[in-house]
Amino acid sequence: DQQVKQNSPSLSVQEGRISILNCDYTNSMFDYFLWYKKYPAEGPTFLISISSIKDKNEDGRFTVFLNKSAKHLSLHIVPSQPGDSAVYFCAAEITGTASKLTFGTGTRLQVTL
Amino acid sequence: DTAVSQTPKYLVTQMGNDKSIKCEQNLGHDTMYWYKQDSKKFLKIMFSYNNKELIINETVPNRFSPKSPDKAHLNLHINSLELGDSAVYFCASSQVMRETQYFGPGTRLTVL
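Each value, and the rule that gives it
- The numbering scheme is per chain: residues are counted from 1 as the chain's sequence reads.
- Chains carry letters from A onward and ligands carry numbers from 1 onward, assigned in written order.
- Thresholds applied to this predicted model are a pLDDT of at least 70 for local features of residues and 80 or more for the giving and counting of side-chain atom pairs; totals over whole chains, interfaces and linings are not thresholded and use all residues.
- Here the side-chain values reflect all heavy atoms present in the structure, with hydrogen atoms and water set aside.
- In what follows, residue pairs with any heavy atoms lying within 4.5 Å of each other are defined as contacts.
- Once two parts are brought into contact, the accessible area they lose, counted with a 1.4 Å probe and summed over both, makes up the buried area.
- One side-chain nitrogen of Lys or Arg within 4 Å of one carboxyl oxygen of Asp or Glu is enough to make a salt bridge.
- Any pair of N or O atoms that falls within 3.5 Å is considered a polar contact. Within protein, one atom must be able to donate a hydrogen and the other to accept it, and sequence-neighbouring residues count only if both atoms are side-chain atoms.
- A helix here means a DSSP run of H or I that spans at least four residues, while a strand means a run of E at least two residues long, and both kinds are numbered starting from the N terminus.
- Two aromatic rings from Phe, Tyr or Trp, using only the six-membered ring of Trp, form a pair when their centres are within 6.5 Å; if the ring planes differ by under 30 degrees the pair is stacked, by over 60 it is edge-to-face, and anything between is tilted.
- Burial classes follow relative accessibility: with a 1.4 Å probe on protein chains only, a residue under 20% of its type's maximum area counts as buried, one over 50% as exposed, and anything between as partly exposed.
- Here, the term disulfide refers to a pair of cysteine sulfur atoms separated by no more than 2.5 Å.

Taken together, the contact pairs 21 residues of chain A with 20 residues of chain B. Summed over both partners, the interface of chain A with chain B comes to about 1700 Å²; 62% of that surface belongs to carbon and sulfur atoms. Applying the counting rule to chain A against chain B returns zero salt bridges. Applying the counting rule to chain A against chain B returns two residue pairs in polar contact (both at pLDDT 80 or more). If you list the elements that add at least two residues to the side of chain A that touches chain B, you get strand E4 (32–38) and strand E9 (86–93) of chain A.

Taken as a whole and judged by the stated rule, the model has 12 aromatic pairs over all chains. With 6.3 Å between their ring centres and 65° between their planes, Tyr-25 of chain A and Phe-30 of chain A make a pair best called edge-to-face. No difference in accessibility class separates Tyr-25 of chain A from Phe-30 of chain A, as the two residues are buried. Seen in terms of ring centroids, Tyr-33 of chain B and Tyr-35 of chain B are 6.2 Å apart; in terms of plane orientation they differ by 40°. Their pairing is tilted.

With that settled, consider the side chain of Lys-37 of chain A. All names here are of chain A. Positionally, Lys-37 belongs in strand E4. The exposure class assigned to Lys-37 is buried, which follows from its relative accessible area of 11%. There is a polar contact of 2.9 Å between the side chain of Lys-37 and the side chain of Tyr-39.

With that out of the way, let us pick up the state of the cysteines. Residue and element names in this part refer to chain A. Counted under the stated rule, the structure contains two disulfides over all chains. Paired through a disulfide, Cys-23 and Cys-90 show a sulfur-sulfur distance of 2.0 Å. When the S-S torsion is -70°, as for the bridge of Cys-23 with Cys-90, the disulfide is left-handed. In this pair, Cys-23 is assigned in strand E3 (residues 19–25) and Cys-90 in strand E9, connecting sequence segments 67 residues apart.

All names here are of chain B. By the secondary structure assignment, Thr-31 is in strand E4 (residues 31–37). A polar atom in the side chain of Thr-31 sits 2.9 Å from the side chain of Asn-50. Each residue touching Thr-31, except ones within four places of it in the same chain, is listed here: Ser-48, Tyr-49, Asn-50, Ile-55, Ala-92, Ser-93, Ser-94, Gln-95 and Val-96.

Now the structure itself:
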(Lines give C-alpha, C1' and ligand atoms only; values in the text may rest on other atoms or scores of the structure.)
Protein backbone atom coordinates (compact mmCIF):
# COMPACT_ATOMS: atom_id res chain seq x y z
CA ASP A 1 0.00 0.00 0.00
CA GLN A 2 1.91 3.00 -1.33
CA GLN A 3 0.64 6.00 0.62
CA VAL A 4 2.81 8.49 -1.26
CA LYS A 5 2.91 8.24 -5.03
CA GLN A 6 4.95 9.91 -7.70
CA ASN A 7 3.37 8.73 -10.90
CA SER A 8 5.95 10.15 -13.27
CA PRO A 9 9.17 8.14 -13.07
CA SER A 10 11.00 10.64 -15.24
CA LEU A 11 10.79 14.17 -16.58
CA SER A 12 12.89 16.01 -19.12
CA VAL A 13 12.96 19.82 -19.17
CA GLN A 14 15.00 22.34 -21.08
CA GLU A 15 17.37 24.59 -19.19
CA GLY A 16 15.69 27.84 -18.18
CA ARG A 17 12.19 26.39 -18.29
CA ILE A 18 10.00 25.41 -15.38
CA SER A 19 10.15 21.89 -13.94
CA ILE A 20 7.01 20.63 -12.23
CA LEU A 21 7.21 17.47 -10.19
CA ASN A 22 4.03 15.98 -8.79
CA CYS A 23 3.18 13.89 -5.77
CA ASP A 24 -0.07 12.42 -4.49
CA TYR A 25 -0.82 10.96 -1.08
CA THR A 26 -3.65 8.92 0.35
CA ASN A 27 -3.27 9.27 4.11
CA SER A 28 -5.18 12.33 5.30
CA MET A 29 -3.28 12.21 8.60
CA PHE A 30 -0.10 13.42 6.90
CA ASP A 31 0.51 17.00 7.94
CA TYR A 32 4.07 17.70 6.88
CA PHE A 33 5.56 17.21 3.45
CA LEU A 34 9.10 17.33 2.20
CA TRP A 35 11.03 17.10 -1.02
CA TYR A 36 14.40 15.44 -1.14
CA LYS A 37 16.87 15.49 -3.98
CA LYS A 38 19.20 12.60 -4.69
CA TYR A 39 22.26 12.39 -6.88
CA PRO A 40 23.66 8.97 -7.90
CA ALA A 41 25.71 7.25 -5.21
CA GLU A 42 24.70 9.83 -2.62
CA GLY A 43 22.06 9.97 0.08
CA PRO A 44 18.91 12.08 -0.32
CA THR A 45 19.35 15.72 0.67
CA PHE A 46 16.59 17.87 2.04
CA LEU A 47 15.30 20.48 -0.40
CA ILE A 48 12.14 22.13 0.85
CA SER A 49 9.17 21.37 3.05
CA ILE A 50 5.64 22.52 3.72
CA SER A 51 3.27 22.22 6.63
CA SER A 52 -0.36 21.36 6.02
CA ILE A 53 -1.40 24.75 7.42
CA LYS A 54 0.14 26.38 4.35
CA ASP A 55 -0.55 25.99 0.67
CA LYS A 56 2.72 27.36 -0.63
CA ASN A 57 6.33 27.60 0.45
CA GLU A 58 9.08 29.21 -1.54
CA ASP A 59 12.85 29.02 -1.29
CA GLY A 60 14.76 30.65 -4.10
CA ARG A 61 14.09 28.78 -7.33
CA PHE A 62 12.07 26.12 -5.53
CA THR A 63 8.39 26.40 -4.63
CA VAL A 64 6.22 23.69 -3.16
CA PHE A 65 2.44 23.86 -3.50
CA LEU A 66 0.04 21.85 -1.39
CA ASN A 67 -3.57 21.11 -2.27
CA LYS A 68 -4.97 19.32 0.76
CA SER A 69 -8.41 18.69 -0.67
CA ALA A 70 -6.86 16.91 -3.64
CA LYS A 71 -4.13 15.33 -1.49
CA HIS A 72 -1.62 16.60 -4.00
CA LEU A 73 1.60 18.51 -3.83
CA SER A 74 3.96 19.73 -6.45
CA LEU A 75 7.48 21.07 -6.64
CA HIS A 76 8.21 23.85 -9.08
CA ILE A 77 11.76 24.65 -10.10
CA VAL A 78 12.23 27.82 -12.07
CA PRO A 79 14.41 28.41 -13.91
CA SER A 80 15.66 24.84 -14.24
CA GLN A 81 19.41 24.35 -14.37
CA PRO A 82 21.52 21.37 -15.50
CA GLY A 83 22.68 20.89 -11.89
CA ASP A 84 19.07 20.20 -10.95
CA SER A 85 19.25 16.88 -12.79
CA ALA A 86 18.67 14.30 -10.06
CA VAL A 87 16.00 12.06 -8.60
CA TYR A 88 13.42 13.94 -6.54
CA PHE A 89 11.60 12.18 -3.73
CA CYS A 90 8.43 13.42 -2.16
CA ALA A 91 7.96 12.43 1.51
CA ALA A 92 5.20 12.84 4.05
CA GLU A 93 4.98 12.64 7.78
CA ILE A 94 2.55 12.80 10.68
CA THR A 95 4.21 15.24 13.06
CA GLY A 96 3.92 14.87 16.80
CA THR A 97 4.53 11.16 16.54
CA ALA A 98 7.82 9.39 16.16
CA SER A 99 9.33 10.89 13.05
CA LYS A 100 8.64 8.46 10.25
CA LEU A 101 8.93 9.63 6.69
CA THR A 102 6.93 7.86 4.02
CA PHE A 103 8.58 8.31 0.65
CA GLY A 104 7.35 8.25 -2.90
CA THR A 105 9.29 6.26 -5.49
CA GLY A 106 10.96 9.29 -6.97
CA THR A 107 10.98 11.20 -10.26
CA ARG A 108 14.15 11.45 -12.28
CA LEU A 109 14.54 14.98 -13.61
CA GLN A 110 16.80 15.59 -16.57
CA VAL A 111 17.51 19.22 -17.41
CA THR A 112 18.83 19.49 -20.93
CA LEU A 113 20.85 22.29 -22.49
CA ASP B 1 32.86 17.71 7.37
CA THR B 2 30.53 14.77 6.78
CA ALA B 3 27.35 15.15 8.83
CA VAL B 4 26.12 11.55 8.52
CA SER B 5 28.64 8.93 7.51
CA GLN B 6 28.28 5.24 6.78
CA THR B 7 30.81 2.47 6.38
CA PRO B 8 31.33 0.58 4.24
CA LYS B 9 30.05 2.22 1.08
CA TYR B 10 29.93 -1.13 -0.73
CA LEU B 11 29.53 -4.58 0.76
CA VAL B 12 29.56 -7.80 -1.25
CA THR B 13 29.06 -11.03 0.64
CA GLN B 14 27.79 -14.59 0.40
CA MET B 15 24.39 -15.83 1.48
CA GLY B 16 24.33 -16.98 5.08
CA ASN B 17 27.04 -14.60 6.28
CA ASP B 18 26.65 -12.04 9.07
CA LYS B 19 27.58 -8.44 8.35
CA SER B 20 27.40 -5.01 9.96
CA ILE B 21 26.99 -1.50 8.59
CA LYS B 22 28.09 1.41 10.74
CA CYS B 23 26.57 4.87 10.92
CA GLU B 24 27.77 7.98 12.71
CA GLN B 25 26.36 11.49 12.84
CA ASN B 26 28.13 14.59 14.12
CA LEU B 27 25.07 16.85 14.08
CA GLY B 28 24.18 16.38 17.73
CA HIS B 29 20.83 14.89 16.73
CA ASP B 30 18.83 12.75 19.12
CA THR B 31 17.17 10.48 16.58
CA MET B 32 18.71 8.13 14.04
CA TYR B 33 17.15 5.92 11.39
CA TRP B 34 17.83 3.10 9.00
CA TYR B 35 16.13 3.03 5.60
CA LYS B 36 16.23 0.40 2.88
CA GLN B 37 15.99 1.23 -0.81
CA ASP B 38 15.19 -1.89 -2.79
CA SER B 39 15.57 -2.65 -6.48
CA LYS B 40 12.28 -0.93 -7.24
CA LYS B 41 13.66 2.24 -5.64
CA PHE B 42 11.20 2.19 -2.75
CA LEU B 43 12.83 3.96 0.20
CA LYS B 44 11.32 2.49 3.37
CA ILE B 45 12.07 3.05 7.00
CA MET B 46 13.34 0.07 8.96
CA PHE B 47 14.23 1.39 12.40
CA SER B 48 14.35 4.57 14.39
CA TYR B 49 16.24 5.21 17.61
CA ASN B 50 15.87 8.17 19.93
CA ASN B 51 18.57 8.67 22.55
CA LYS B 52 19.66 5.05 22.13
CA GLU B 53 16.10 3.78 22.55
CA LEU B 54 14.22 1.94 19.79
CA ILE B 55 11.07 3.84 18.82
CA ILE B 56 10.22 2.50 15.36
CA ASN B 57 10.56 -1.06 14.14
CA GLU B 58 8.83 -1.57 10.83
CA THR B 59 8.09 -5.28 10.33
CA VAL B 60 11.72 -6.04 9.66
CA PRO B 61 12.91 -9.67 10.01
CA ASN B 62 14.64 -10.25 13.32
CA ARG B 63 17.79 -11.13 11.39
CA PHE B 64 18.24 -7.36 11.34
CA SER B 65 19.35 -5.94 14.66
CA PRO B 66 20.16 -2.28 15.13
CA LYS B 67 22.54 -1.32 17.89
CA SER B 68 23.04 2.17 19.27
CA PRO B 69 26.10 2.38 21.53
CA ASP B 70 25.54 6.11 21.95
CA LYS B 71 23.44 8.94 20.54
CA ALA B 72 25.83 9.55 17.66
CA HIS B 73 25.98 5.98 16.38
CA LEU B 74 23.45 3.52 15.03
CA ASN B 75 24.85 0.33 13.58
CA LEU B 76 22.92 -2.28 11.63
CA HIS B 77 23.81 -5.93 12.06
CA ILE B 78 22.37 -8.49 9.69
CA ASN B 79 22.50 -12.21 10.40
CA SER B 80 22.18 -15.05 7.90
CA LEU B 81 22.12 -12.79 4.87
CA GLU B 82 19.65 -13.67 2.09
CA LEU B 83 19.57 -12.71 -1.58
CA GLY B 84 16.58 -10.44 -0.92
CA ASP B 85 18.64 -8.37 1.49
CA SER B 86 20.51 -6.90 -1.48
CA ALA B 87 19.66 -3.21 -1.46
CA VAL B 88 21.03 0.21 -0.62
CA TYR B 89 20.80 0.98 3.09
CA PHE B 90 20.65 4.60 4.21
CA CYS B 91 21.24 5.93 7.67
CA ALA B 92 19.67 9.26 8.66
CA SER B 93 19.39 11.50 11.68
CA SER B 94 17.18 14.30 12.93
CA GLN B 95 16.39 16.29 16.04
CA VAL B 96 13.53 14.85 18.05
CA MET B 97 10.23 16.24 16.79
CA ARG B 98 12.01 18.06 13.98
CA GLU B 99 10.96 17.00 10.56
CA THR B 100 14.13 17.34 8.54
CA GLN B 101 16.16 14.17 8.31
CA TYR B 102 19.74 14.20 7.09
CA PHE B 103 20.88 11.16 5.19
CA GLY B 104 24.16 9.37 4.88
CA PRO B 105 25.58 8.41 1.46
CA GLY B 106 24.22 4.87 1.59
CA THR B 107 25.72 1.38 1.71
CA ARG B 108 25.14 -0.84 -1.30
CA LEU B 109 24.82 -4.40 -0.05
CA THR B 110 25.05 -7.22 -2.58
CA VAL B 111 24.36 -10.76 -1.42
CA LEU B 112 25.59 -13.47 -3.79
